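The chain contents come next:
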Amino acid sequence: MSVTCPAGHASDENDYCSVCGAVMHGSQLLAATYSPARAAHGLALLRPACPVCGEPRADIDGRFCEVCRYDFADRTPGPAPAASPQGANAPSRSTWLLVLTVDRSLDTEPDPSSPPPLESELVFAVEQPELLVGRRDDKQNIRPAIPLHDPGASRRHAKFLLAADGTVSLHDLGSTNGTKLNGLDVVAGSIRELKEGDEVTLGRWTRIVLRARP
Amino acid sequence: MAFKLEAFQNKYLAPGQRRVDAILTVTADAAVGASGGGQLVVGFVVDKSGSMSVDRIEAVKRAVTAAVAMLPDPAWFFVVAFDSTAQVVVAETQATPENRQHAARAIEALRAGGGTAMSTGLAAARAIFERAPNAIRQAIFLTDGKNESESAGNVTAQLQACEGRFECDCWGVGTDWRVGEVQQIAQGLLGKASIIPDPSGIDDAFRGAIEKASTKSVRDVRLRLWTPQGASVAFVKQANPTLEDLTLRARVVSPQVREYMTGAWGAGETRDFHVAVDVRQGSVGEEMLAARPSLAWVEMVDGVWSQREDKPPEARVFATWTPDASLSSRIDGHVAHYTGQGELATAIQRGLDLRGQGNDAAATQMLGRAVKLAHESGNAEMTQRLAKVVEVVDPATGTVRLKRDVSKAATMDLELESRTTKRVKKSPPTGAGA
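Residues numbered from 1 in each chain as written. Chains lettered and ligands numbered in written order. Predicted model: local features only at pLDDT ≥ 70, side-chain atom pairs only at ≥ 80, totals over all residues.

J.: Just to check I follow, could you spell out the environment of K425 of chain B for this structure?
T.: All names here are of chain B. With respect to the secondary-structure elements, K425 resides in the segment after α11 (408-417). Here K425 falls in the exposed class, since 11 other C-beta atoms lie within 10 Å of it. C-alpha of K425 to C-alpha of V218: the two residues are 207 residues apart in sequence and 28 Å apart in space. (Helix = DSSP H or I, 4+ residues; strand = E, 2+ residues; numbered from the N terminus. Buried ≥ 20, exposed ≤ 12 C-beta atoms within 10 Å, placed from the backbone.)

J.: Hey, could you run me through the pairing of strand β5 (residues 130-134) of chain A in this one?
T.: Each regular strand displays side chains that alternate between the two surfaces of the sheet. All names here are of chain A. Pairing of β5 with strand β7 (residues 158-162) involves four bridges; the strand directions are antiparallel. Bridged to L131 within β7 is F160. Inspection of the sheet shows β5 paired to strand β6 (residues 146-147) by two bridges, in the parallel sense. Bridge pairing in β6 links V133 to I146. (Pairing = 2+ DSSP bridges.)

J.: How should the sheet that holds strand β4 (residues 40-47) of chain B be read in this particular structure?
T.: In a beta sheet, neighbouring strands pair by backbone hydrogen bonds and run either parallel or antiparallel. All names here are of chain B. With respect to topology, six strands assemble into an open sheet ordered β6-β5-β4-β7-β8-β9, the strand pairing being mixed. Two strands bound the open sheet, and with one partner strand each, they are β6 (86-94) and β9 (193-196). Between one strand and the next, the sheet's axes are offset by a mean angle of 15°, whatever the strand orientation. Bridging between strand β5 (residues 76-82) and β6 involves six bridges; their strand directions are antiparallel. Bridge assignment links F77 to a residue of β6, and that residue is T93. The strands touched by helix α1 (residues 55-70) within the sheet are β4, β5, β7 (136-143) and β8 (167-173), with β4 carrying the most contacts at an inclination of about 175°. (Axes fitted to C-alpha atoms, helices over the stretch in contact; angles between N-to-C directions. Contact = placed C-beta atoms within 7 Å.)

J.: Would you mind showing me how to read the interface of chain B and chain A here?
T.: A common way to report how large an interface is uses the accessible area buried once the components associate. Taken together, the contacts link 20 residues of chain B with 19 residues of chain A. Of all the elements in the fold, those that place two or more residues in the side of chain B that touches chain A are β16 (287-301) and β17 (304-310) of chain B. Grouping the amino acids of the side of chain B that touches chain A by side-chain chemistry returns ten nonpolar, four polar and six charged. (Nonpolar A, V, L, I, M, F, W, Y, C, P; charged D, E, K, R; others polar.)

J.: I would appreciate a short explanation of the nonpolar core in the present structure.
T.: Nonpolar side chains in soluble globular proteins generally cluster together in the buried interior. Among the nonpolar cores identified, the biggest contains 115 residues, and V45, V64, V79, V80 and A290 of chain B are the most heavily contacted of them. Of all hydrophobic cores here, the second largest spans 18 residues; its members include L344, A370, V389 and L414 of chain B. (Core = buried A, V, L, I, M, F, W, Y, C linked by C-beta atoms within 7 Å.)

J.: Just checking my understanding: could you explain the packing of α1 of chain B against helix α2 (residues 97-108) of chain B for this structure?
T.: To characterise two packed helices, one gives the angle between the axes of the helices and the distance between these axes. Residues and elements named next belong to chain B. As a packed pair, α1 and α2 sit with axes 10 Å apart at the nearest point and diverge in direction by 170°. By the criterion of interaxial angle, the relationship of α1 to α2 is roughly antiparallel. When α1 is examined against α2, the residues K61, V64, T65, V68 and A69 are found in contact with a partner set consisting of R100, A103, A104, I107 and E108. Split into classes, the residues belonging to the contact of α1 with α2 amount to six nonpolar, one polar and three charged. (Parallel < 35°, antiparallel > 145°, perpendicular 65-115°, else oblique.)

J.: Help me understand the packing of α1 of chain B against helix α6 (residues 202-215) of chain B in this model?
T.: All names here are of chain B. Where α1 meets α6, the axes come as close as 9 Å, and the angle between the chain directions of the two elements is 25°. The orientation of α1 relative to α6 falls into the category roughly parallel. Along this stretch, α1 crosses α6, giving a crossing that reads as right-handed. Residue-level inspection shows A59, V60, R62, A63, V64, A66, A67 and M70 of α1 in contact with α6, the latter providing I202, D203, F206, R207 and I210. Looking at the contact of α1 with α6 residue by residue, the classes come out as ten nonpolar, no polar and three charged. (Left-handed = near helix turned anticlockwise from the far one by under 90°.)

J.: How should unusual backbone geometry be read in this particular structure?
T.: In this chain, S53 of chain B is followed by V54 of chain B through a cis amide linkage whose omega measures -15°. Of note, N182 of chain A is a non-glycine position whose phi angle comes to about 50°, a positive value. With respect to the helices and strands, the residue N182 of chain A is situated in the loop between β9 (179-181) and β10 (184-185). At D220 of chain B, a residue that is not glycine, the phi angle is positive and equals roughly 50°. Along the chain, D220 of chain B falls in strand β10 (residues 216-226). Using a count of 22 C-beta atoms within 10 Å as the deciding quantity, one classes D220 of chain B as buried.

J.: Can you help me understand the sheet that holds β7 of chain A in this one?
T.: Sheet architecture is open: five strands sit in the order β6-β5-β7-β8-β11 (chain A), paired in mixed fashion. In this open sheet, the two edge strands, each paired with only one partner strand, are β6 and β11 (191-193) of chain A.

J.: Can you help me understand helix α3 (residues 118-129) of chain B in this one?
T.: Within an α-helix, residues lying three or four positions from one another point in the same direction, as the helix has 3.6 residues per turn. Residues and elements named next belong to chain B. Taking 1.5 Å per residue, twelve residues should reach 16 Å; α3 reaches 17 Å between its end C-alpha atoms and fits that length. Of all twelve residues making up α3, eleven are buried, and the element is well covered by its neighbours. For α3, the full list of buried residues reads M118, S119, T120, G121, L122, A123, A124, A125, R126, I128 and F129. Elements in contact with the buried residues of α3: β4, β5, β6, β7, α4 (152-162) and α5 (179-188). (Expected span 1.5 Å × (residues − 1).)

J.: Help me understand the pairing of strand β3 (residues 96-102) of chain A in this model?
T.: Residues and elements named next belong to chain A. With seven bridges connecting them, β3 and strand β13 (residues 206-212) associate as antiparallel partners. Paired with W96 across the bridge in β13 is A212. Across five bridges, β3 lies against strand β4 (residues 121-125) in antiparallel orientation. Bridging from a neighbouring strand, L97 pairs with A125 of β4.

This is the structure we're talking about:
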């Protein structure tokens, strides 16, 4: 949802323009909350809008904003959104998690000078269309969304892809040491659709399991 | 809300004026990080060079062992000792009773010898901290000498690599080390540098450090600043508890948003920041938002590490142009206070420099100004520290005489603490806030 400021900028904020800082007036607020779909609600526009997201207050006695969970009683915003509020009908939470574990048993040639990291388990939500997996390298400006502390992994090792229909796939990026899906090597550069419980192993000790969010 | 942000400013500008100053007071509430901010990992990085022999290294060994014993159970720790190279005395391990005992034996076996290359200790610590990216990462650094076994460039380069990877508080034992070298490490890693004149004080210093680290409950907290199109950020400084210029550490989030790393925070912790923004010129009567500060951090939510952000309306910084000079010429009490604390720090540092150069007349004048500023702002701690270096005749006018036999430790302490500021007293004289 964006609001138009007096200078004509599309603003993400409804108090002061998120581009030029100009004061937003009530008229702009009202215009912003107007849409053909909402016009069907008719009188909804006359109800006080949520000061955070501009959503008309659905029920005058309801304590929380239906969109952003703003608390009308305490006047505090709702929980921080995972992403910018692009649209009220976008799914607010992804249904998939990637669980990253360091599994020493995968390490066939343990090297005492570079032991596995002490982190036991990390969980990443699949919320972006692409999640890069690999070793972080500041010099080359490679900062994977899922950073690995695994010398056997490539800097750009693989990607997890989230399709519009919600399915998750594994895309090996032609990594040096390869990627395994459920214990079997995947063809370098291939894309494989994943299902709940699929295990991806790579590098010396990295195991990533796809889980549905509980 | 996990963080409370509040701006103090005078929003009125005279026509043609562009600079907007504000003090942001940020307080972490009692529940911050309650759902999981990260495991605490404490790294001890201690000097074992020849000069540490025998009293100092023994005191360090006792202090590290005692500090390890104090760690909360789920915390992790490690010990790195360096001379001209670094050795990992205790690799990262959880603070269980067995591991503490094992560590105590390894620490006991430590012997002093060799040169001093501080960057090696930092590099060894970084390698370990990098394996714990989701932890609250705190290093405790101790040295007693000059960084003689390597070029200064090594430390500068290593600090760049370490920035954002861990925080580091630093201590120098005795008076044979250089304030600038140790302070560079502390400032580069969001920490504080202090002096321990006598080895017997190491124990207390490390105890304090562990107590402080144990309070931290949320990590990678960043002050974010949105500014309108056409505006530029003149500076962003931490103003309290210590003065730190953060301007050059900005990370660009988006074309109009910059963020400044402030490290780990504990529940109830408060810090003040001074931001100055140059906005485009506005016309009389116009009101605009000059900055929208927010606070971003990382926290475990439903078992997932998540980026969080608090952007309370109380933190907004405004600009309004008015022809009324009685409004625009007022300086907000908070802004004036911290501007004064900055001048105090500069006066102390310049005064000590001048005294070191033998320019007694100019040093007397500069340190006199420092005494006056400390007195006016009610900074009694700084007045006491200054009184160890100068004889205060009249604090109100800043009349002082240089003392003859000043201890080197008192001078170093004054220099190190010159950046420590006093908070604004309650109900500042002009609170022309938003």
